[in-house]
Every structure is written in C-alpha cells, then in structure tokens.
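Coordinate inspection notes
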Amino acid sequence: LGLLALRAAVPSLKREEIRMAQQTAPTLLTSGPVASGRRVSQRSAEAVEEMKVVGRSSEKTKAGVIKDAMVLGIIGERTAAEAVTYKGSNPFAVSEQGDDMILTFRRKALDLIIFQSIFVNAIAFGIDRFAPLPEYHWLLYTGTWVVPGILLAILTCYRYKTPLNFFLLALFSSIIGVTFGLLHVPMEVYTMYYAIDHRRNWSPQCYGMAGHTMSLVLVFLVTCFRHPGKGVVKMAPVCALMAVLTDIAGILLYRNYFHYVGPELFLAIGLFMHTLSLLWIGYQMDTLAFRLQVEEWIYPVILLWCEVFVAFFAISVFLATIFLILMGEGYASGTGSNWDGICNGCHASYCDCYYTEGESKEHPQTTSAPSQETMATGV
C-alpha cells in the first residue's frame, strides 16, 4: 500500500507543476501584437526554459518524496537508490558524498577486481601446467562454462546480501579459475592441427590475464588518487587511453619476444577481451557512481564478469560460424569435411576419421603394424 501511495503521489506532483507551466506559457506567447515576432520568439524561448526548470524540479521533488518514504520505513534504502537515478538527485549515491568517497569506492572495487584476477590466474596456471586433463571433446569443454554462468546469475541476485555475496564470489572465482585452466586442451587442439607456425602453447590465457592485471594496476594508480590542482579524474577516458597503450605494448612484446606463447589468433582474442574489459570498467565505474552507495563496491566486479561471458559467447558464435562455412565449402567442392587428426572431437558424432584399405587421403601409404609375435621375439 505504501508503494502504491508513493507511485500515485509522485506523478500527481509532476503533472500539477507541468499544468501550471502550460497555463503560463500561452500568456507569454500571445501577449503583445503578432507583428512583434522577435518578442514572441524570445518569450517562446523563455517558456521552453521554464518547462526545463519544471522538469528538473519535478525530479528533485520525486527524490524528496522517495527520501521521506524511506525515512518512514515504507521502502528500503536499496529501493530508493534504484528508483532515483537522476544526476544529483540521489542522496545515497557515491557521487553525492564528495571526492574522498568517490576515491574510496574506486579503491575498494579495483582492489577486489585486481585480487580476483590474481587469484583466478593462479588457479588457471596450476591446472594448465600440472593437472591431468581429459581428452578433448567440444561438448565437454564448452559445458565447463555452464557452472560459472549459473553461479554468476545467483551472485547477481544476492549481490547485496552480506556475507553471502562474498561467499558466492569466492566460489565463483574458484570455478572460473578451473574453467580458464581447462582452456588448455581446446587451445592445444587448435594449435596442433590448425596453427601454421606453432606446435604447442605456453599457457596463453594466463599470460593474457597477467597483462590485463598489470593494466588494472596502472588504472588504479592513475584514477584512485587525487591529482594536484585537478581533483578526481574520470575513469572512462583513462581506461580508453590505457587500453590503446597496452594493446600496442602487447603487440610489440608478442612480435619481439612472447611469440612462443601461442598462435596469433589467441593474441587477437586476448586483445579484444582486454580492450573490452577496460572500456567496460571505465564506463561502469563512472556510471555506477550515480547509482550505488559507497559500500556496494562488489557490483562492478559482477558486471565485469557478465561482460566476459557475453564476449565469450560472441567469440564462440563467430568461431562456430567460420567452422560451418569451411565445412560448407568442403561439401560444395566434393571433398567433404576434413576431420583428419582430430578424432578426439568426434566421439559424439559419426565421422570418416579412419583410413580404409588402400586409401591414402593425400598421405603416403602406411605399412601395417608388426604382429605381437614379431614384437615379442624381435629383441
């Protein structure tokens, strides 16, 4: 009942002020002779400005009514903060608490993002280098992204429930670290059978995340401290500039030293994810300062991982499309699809992965393996 009364009160106030402005606007427009066009246009502009003032004041009135409802206990603080998103009208937002609170909010959010990146990368590196992994199957390794996706959805629903949100975040970070480590197998399959100048990888996903973590540290040093004479700098332009500079540095380092990490396709995917992540962090940190309270610094971390999953889905769709196009070209030319060398990926489908007697498939004819008796007595 309280929410219904609030919704009825706010529009009525806004309609009353707009009605009063509309009643005064015709008097401004029609006073004086019609021939004085300059005076009419000037008063029309004044009427337009008056309507703008009415619109801004109505937002202020809405914020005041919602604040009174919160004080009376009709609605909660979180509901009030979500309802009032107009710049300068949300009394609970980080942007209304001064520069010190803005810097505190940024430090907490970026500290959590950087720590989580290091934690996830450590788990991924351990699994990539030391853990025994099952053979490649596209359904198995694609399904490894389902569990962290479900956990991320649950974390989004309980992002304001402390300490449950921190427990879910720790669980999600552990699972996503395992998922990143399991990328070793599909990337190794691609490198082995499709890359031209590489035959193995050296944890390219871990190198990419390490570079991204160092970029976040640089962003932290630039945006989380007050600049002498300038105050607090916005994060979006800093992150955009940092993305360009670190992308150039990454390309140069790969070309001159780190080319052994993996093929160029992994470099392109890593740069795309890195750039998108930095741009998303800069935009969201500036935007969320008008909506979130100071102690709600866990939400930017959730939004960052939502962006990662969206980008992963887009890349997967792109690669699947390219794969289907190549298969279509193979069938159109009469050669069929080429599955040579990747039989481990064909367990769930019928494929022509084996040579029949007398068939070479453009390879030299192989000799038969020796019998077991010959192998046993050949010492």
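Rules behind the numbers
- Residues numbered from 1 in each chain as written.
- Predicted model: local features only at pLDDT ≥ 70, side-chain atom pairs only at ≥ 80, totals over all residues.
- Heavy atoms only, no water.
- Helix = DSSP H or I, 4+ residues; strand = E, 2+ residues; numbered from the N terminus.
- Buried < 20%, exposed > 50% of the residue type's maximum accessible area, 1.4 Å probe, protein only.
- Contact = heavy atoms within 4.5 Å.
- Areas by Shrake-Rupley, 256 points an atom, 1.4 Å probe, with all protein chains shown as cover.
- Disulfide = S-S within 2.5 Å.
- Expected span 1.5 Å × (residues − 1).
- Arc of directions from axis to C-beta.
- Salt bridge = Lys/Arg side-chain N within 4 Å of Asp/Glu carboxyl O.
- Axes fitted to C-alpha atoms, helices over the stretch in contact; angles between N-to-C directions.
- Left-handed = near helix turned anticlockwise from the far one by under 90°.
- Nonpolar A, V, L, I, M, F, W, Y, C, P; charged D, E, K, R; others polar.
- 1 Å grid on protein atoms, 1.4 Å probe; cavity = no way out; pocket = protein on both sides within 12 Å on 5 of 7 lines; lining within 4 Å.
- Points joined across faces, edges and corners; volume = space filled by probe spheres on them.
- Core = buried A, V, L, I, M, F, W, Y, C linked by side-chain atoms within 4.5 Å.
- Polar contact = N/O pair within 3.5 Å; in protein donor to acceptor, adjacent residues only side chain to side chain.

A few words now on the overall build of the protein chain. The helix and strand tally for the protein chain stands at 13 helices and zero strands. Written out in order from the N terminus, the α and β elements of the protein chain read α-α-α-α-α-α-α-α-α-α-α-α-α. In the protein chain, which comprises 379 residues, the share counted as buried stands at 35%. Taking the contacts inside the protein chain whose residues are at least 6 apart along the sequence as the reference set, 73% of them involve residues at least 24 apart. Element-wise, carbon and sulfur atoms account for 67% of the exposed surface of the protein chain, whose accessible area totals about 22700 Å².

As a further point, take the state of the cysteines. Counted under the stated rule, the structure contains zero disulfides. No disulfide involves C224; its sulfur sits 9.5 Å from that of C239, the nearest cysteine. Taking the relative accessible area as the measure of exposure, C239 reaches 1% and is therefore buried.

Turning to helix α8 (residues 184–193), its buried residues are V185, M187, E188, V189 and T191. Packing partners of the buried residues in α8 comprise α5 (138–143), α7 (164–182), α9 (204–223) and α11 (264–288).

What follows covers helix α6 (residues 146–157). Over its 12 residues, α6 runs 17 Å from end to end, which matches the ideal 16 Å to within 8%, given 1.5 Å per residue. Among the residues making up α6, those that are buried are P148, L151, L152 and L155. Here the buried residues of α6 occupy an arc of 105° about the axis, which is enough to place them on one side.

Moving on, we get to the pattern of salt bridges. According to the stated counting rule, one finds five salt bridges in the structure shown. In this structure, R129 and D128 form a salt bridge, with 3.9 Å as the shortest nitrogen-oxygen distance. Within this structure, D99, D100 and R226 form a network of salt bridges that share partners.

Where helix α4 (residues 99–130) meets α11, the axes come as close as 11 Å, and the angle between the chain directions of the two elements is 145°. For the crossing formed where α4 meets α11, the hand is right-handed. Note on element contacts: α11 touches α4 through I281, M285 and D286, opposite F105, R106, A109 and L110. Of the residues that constitute the contact of α4 with α11, the class distribution is five nonpolar, no polar and two charged.

Let us look at empty space enclosed by the protein. Within the structure shown, the criterion is met by one cavity of 30 Å³ or more. A volume near 40 Å³ is recorded for the largest cavity. If you trace the largest cavity, you find it lined by I113, W280, I281, Q284, M285, P300, L303 and L304. Listed by contribution, the elements that provide at least two residues to the lining of the largest cavity are α11 and α12 (299–332). In terms of residue count, the dominant contributor to the lining of the largest cavity is α11 (four residues).

Moving on: the nonpolar core. With 52 residues, the main nonpolar core has L110, I176 and W305 as its most contacted residues. Mapped onto this core, the elements with two or more residues apiece are α4, α6, α7, α9, α10 (235–256), α11 and α12. The biggest single contributor to this core is α12, with 10 residues. Excluding residues within four positions of it along the chain, W305 makes contact with Q116, V120, L152, F172, I176 and F180.

The next thing to look at is unusual backbone geometry. Of note, the amide linkage connecting T162 to P163 takes the cis form, showing an omega dihedral of 5°. Looking at the element boundaries, P163 is found in the loop between α6 and α7. The backbone phi angle of S203 is positive, close to 50°, even though this residue is not glycine. Positionally, S203 belongs in the loop between α8 and α9.

It is worth spelling out the environment of T223 at this point. With respect to the helices, strands and loops of the structure, T223 is situated in helix α9. Judged by its relative accessible area of 0%, T223 falls in the buried class. Separated by 11 residues in sequence, T223 and K234 have C-alpha atoms that sit 7.2 Å apart. Not counting residues up to four positions away in its chain, the partners in contact with T223 are L103, R106, L110, V233, M235 and V238. In this structure the side chain of T223 is engaged in a polar contact, spanning 2.7 Å, whose partner is the backbone oxygen of V219.

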